[in-house]
Amino acid sequence: MSAVFSPVTTQSFDIQVLDAPLGATISGLDLSQEVTPDDFRRIHQAHLDHHLLIFRDQRITPDQQVAFSGRFGALQIHVLNQFQLPGHPEIMIISNIKENGQPIGLGDAGHFWHSDLSYVEKPSLGSMLHAQELPAEGGDTLFANMHLAWDTLPTYLRSQVEDLQAEHSYLAQYAELQRRSPWRPNLTAEQVAQVKPVLQPVVRTHPETGRKALFVSEHFTTRIDGLPEDESRDLLQQLFDHSVKPEHVYRHQWQPHDMIFWDNRSLMHLAAGCPDHLRRKLYRTTIEGDVPF
Ligand code: SIN
C-alpha cells in the first residue's frame, strides 16, 4: 500500500494556540500533500508543546492518514480486529452506524476517560482521528491535560503516588460496556490473550519533553499495586476526580473533515456520545510509544 501525494513543497501554515488548557489549530496545511521535513519538524514541536493538534478541512484518503501517522512511529493494530477498515488494518472505524443490522465500527469507543492502549506494554504515543461523518448534534470529544493534573495535585497526594505503579487492563470495563450498549462483541480466547494486564507508573515522564503527567484512567486502571483494595480504590478515585476538573479539560466540537492528533503521554480523552439515531463515523490510527517510566 502506498499513499499518493503531490510533489513536496513547504507549505505556509499557521499554528493558533487555543484559549484552553491544551490544544492548537493548524490552518493552511494540506495533509493530502506530502509534508516536508521542515514542516514535519514544526508539527512535531507543536504536538509536544500543545498536546492536541486540530488540522481543519483535511480531504485525505485512508492511505494518506496511514502514511502521515507512520511518520511518527510504528502503527498499532487494535485488538478488536472486526472493526478494521477493510484493506487498512491500521485504521479502526469508530462509528455508531449499523449496516444490515451489523455495527461497522466501535460505537462506544472512549465512553470512559482513558489514554489509548495504556493496557499494553508500549501504549500509544499519539492517536489521529479523522472525521468521516458527523452528527448534527453531540459527538464531541473531551481532552484532559495530565501534565496540569500532576502540576496541580496537592503536595500530600504527589508524595503519596509519585513512585507507585498501577495495573491497567483492557478488560476492566468490558463487561460494563457490554451491558450498556450493543457495540462490544464477545472476545475470542485469542483476543483475551493479547490483552494481559500490565503495570504502569502512576506518574510518568514524557520521554521527549521530560514533563511529568498523571497516568491513571477510569477506563483501564484497575488497582494500585501493593495497596489494600479499599485504599487503592479511594486513591484512584481522588486522582480521577482531580484529573478531569474543568480547568484541565478542552471540549472538541467537531467540524467536517477535521483530523485531530493528540499525545496520549500528555492527555486523556473521553467521547461525549451522540443520539443513537444520528450517524457518526471517524477513522482512528494509533502510533506506538515507549515503555512508560
Ligand atoms: C476514542 O476513544 O478514540 C474515540 C473518541 C471519540 O469517538 O470521540
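Higher on the page you've got the structure.
Peer 1: Quick one: what's the story with the overall build of the chain, residue by residue and with numbers?
Peer 2: Along its length, the chain carries 7 helices and 18 strands. The burial tally for the chain puts 53% of its 293 residues in the buried class. For the chain, the exposed area adds up to about 13000 Å²; of that, 48% sits on carbon and sulfur atoms. On the chain, the mean spot of the 24 positive side-chain charges and the mean spot of the 37 negative ones are 2 Å from each other.

Peer 1: Summarise the sheet that holds strand 15 (residues 249–252); cite the residues concerned and give the values.
Peer 2: Two modes of strand pairing occur in sheets, parallel and antiparallel, and in both the strands are linked by backbone hydrogen bonds. Taking strand neighbours across the sheet as the criterion, the 3 strands line up as 15-9-17 in an open arrangement whose pairing is antiparallel. Each edge of the open sheet carries a strand with a single partner, namely strand 15 and strand 17 (267–271). Each strand axis lies, on average, 20° off the axis of its neighbour in the sheet, ignoring direction.

Peer 1: Tell me about the sheet that holds strand 14 (residues 221–224), residues and numbers included.
Peer 2: Strand order in the open sheet made by the 3 strands is 11-10-14, with antiparallel pairing throughout. If you trace the sheet from one side to the other, it starts and ends with strand 11 (198–201) and strand 14, each paired once. Strand-to-strand twist in this sheet, taken as the mean axis angle between neighbours without regard to direction, amounts to 35°. As judged from the 4 bridges shared by strand 10 (residues 165–168) and strand 11, these two strands associate in the antiparallel manner. By the bridge assignment, Gln-165 is partnered in strand 11 with Pro-201.

Peer 1: Account for the site of the ligand, with residues named and values stated.
Peer 2: In the region of the ligand, the neighbouring residues are Ile-94, Ala-109, Gly-110, His-114, Leu-129, Thr-141, His-269, Ala-271, Arg-280 and Arg-284. Between the ligand and Thr-141 there is a distance of 2.6 Å, counted from an oxygen atom to a side-chain nitrogen or oxygen. Between the ligand and Arg-284 there is a distance of 2.8 Å, counted from an oxygen atom to a side-chain nitrogen or oxygen. Alone, the ligand offers 260 Å² of accessible surface; in the complex the protein occludes 100% of this.

Peer 1: An account of the pattern of salt bridges is needed here, citing residue identities and associated values.
Peer 2: Scanning all chains against the criterion turns up 16 salt bridges. Put simply, Glu-229 and Arg-233 hold a salt bridge, and the shortest N to O gap is 3.3 Å. Highlighted residues: Glu-229 and Arg-233, both in helix 7 (residues 229–243), separated by 4 residues, approximately one helical turn. Where Arg-265 meets Asp-263, a salt bridge forms, and the shortest distance between an N and an O atom there is 2.9 Å. As far as the burial class goes, Arg-265 and Asp-263 line up, both buried. Among the charged side chains, a salt-bridge network with shared partners connects Glu-167, Arg-223 and Asp-225.

Peer 1: Give me the nonpolar core: which residues, what numbers.
Peer 2: Membership of the largest hydrophobic core comes to 28 residues, with the highest contact counts inside it found for Leu-52, Leu-80, Phe-143, Tyr-170 and Ile-260. Residues in contact with Leu-52, not counting those within four places in the same chain, are Leu-22, Gly-23, Ala-24, Phe-143, Tyr-250, Ile-260, Phe-261, Trp-262 and Leu-267.

Peer 1: Account for the side chain of Arg-184, naming residues and giving values.
Peer 2: Note that Arg-184 resides in the loop between helix 5 (174–180) and helix 6 (189–194). For Arg-184, a relative accessible area of 8% translates into the label buried. Reaching out from Arg-184, the side chain makes a polar contact with the side chain of Asp-108 at a distance of 2.9 Å. Setting aside anything within four residues of it in sequence, one finds Arg-184 in contact with Leu-80, Leu-106, Asp-108, Ala-109, Tyr-170, Tyr-174, Leu-177 and Gln-178.

Procedures and definitions
- The residue count restarts for each chain, going from 1 along the sequence in the order it is written.
- Only residues with pLDDT of at least 70 get local features here, since the model is predicted, and only at 80 or more are side-chain atom pairs given and counted; chain-wide, interface and lining totals rely on the full set of residues.
- The side-chain numbers reported here are obtained from all heavy atoms of the structure, hydrogens and water having been left aside.
- The way it works is that DSSP assigns letters per residue, a run of H or I at least four long becomes a helix, a run of E at least two long becomes a strand, and they are numbered from the N terminus.
- When accessible area is computed with a 1.4 Å probe and restricted to protein chains, residues below 20% of their type maximum are described as buried, those above 50% as exposed, and intermediate ones as partly exposed.
- The protein chains shown are the only cover counted for residues, whose accessible areas, like all others here, come from Shrake-Rupley with a 1.4 Å probe.
- None of His or the chain ends enter the tally, which takes Lys and Arg as positive and Asp and Glu as negative.
- By convention, the charge on Lys lies at NZ, on Arg at CZ, on Asp at CG and on Glu at CD.
- For two strands to count as paired, DSSP must find a minimum of two bridges between them.
- Helix axes are fitted to C-alpha atoms over the stretch in contact, other axes to C-alpha atoms as well, and angles between N-to-C directions run from 0 to 180 degrees.
- Whether a residue is near a molecule or strand is decided by its heavy atoms; if any one of them lies within 4 Å of it, the residue is near.
- Whenever two N or O atoms come within 3.5 Å, that pair is a polar contact, provided that in protein one can donate a hydrogen and the other can accept it, and provided that, for residues adjacent in sequence, both atoms are side-chain atoms.
- Each salt bridge in this description consists of a side-chain nitrogen of Lys or Arg and a carboxyl oxygen of Asp or Glu lying within 4 Å of one another.
- Working definition of a nonpolar core: buried Ala, Val, Leu, Ile, Met, Phe, Trp, Tyr and Cys residues. They are joined through side-chain atoms within 4.5 Å.
- Note on contacts: a residue pair qualifies if any of its non-hydrogen atoms lie within 4.5 Å across the two residues.

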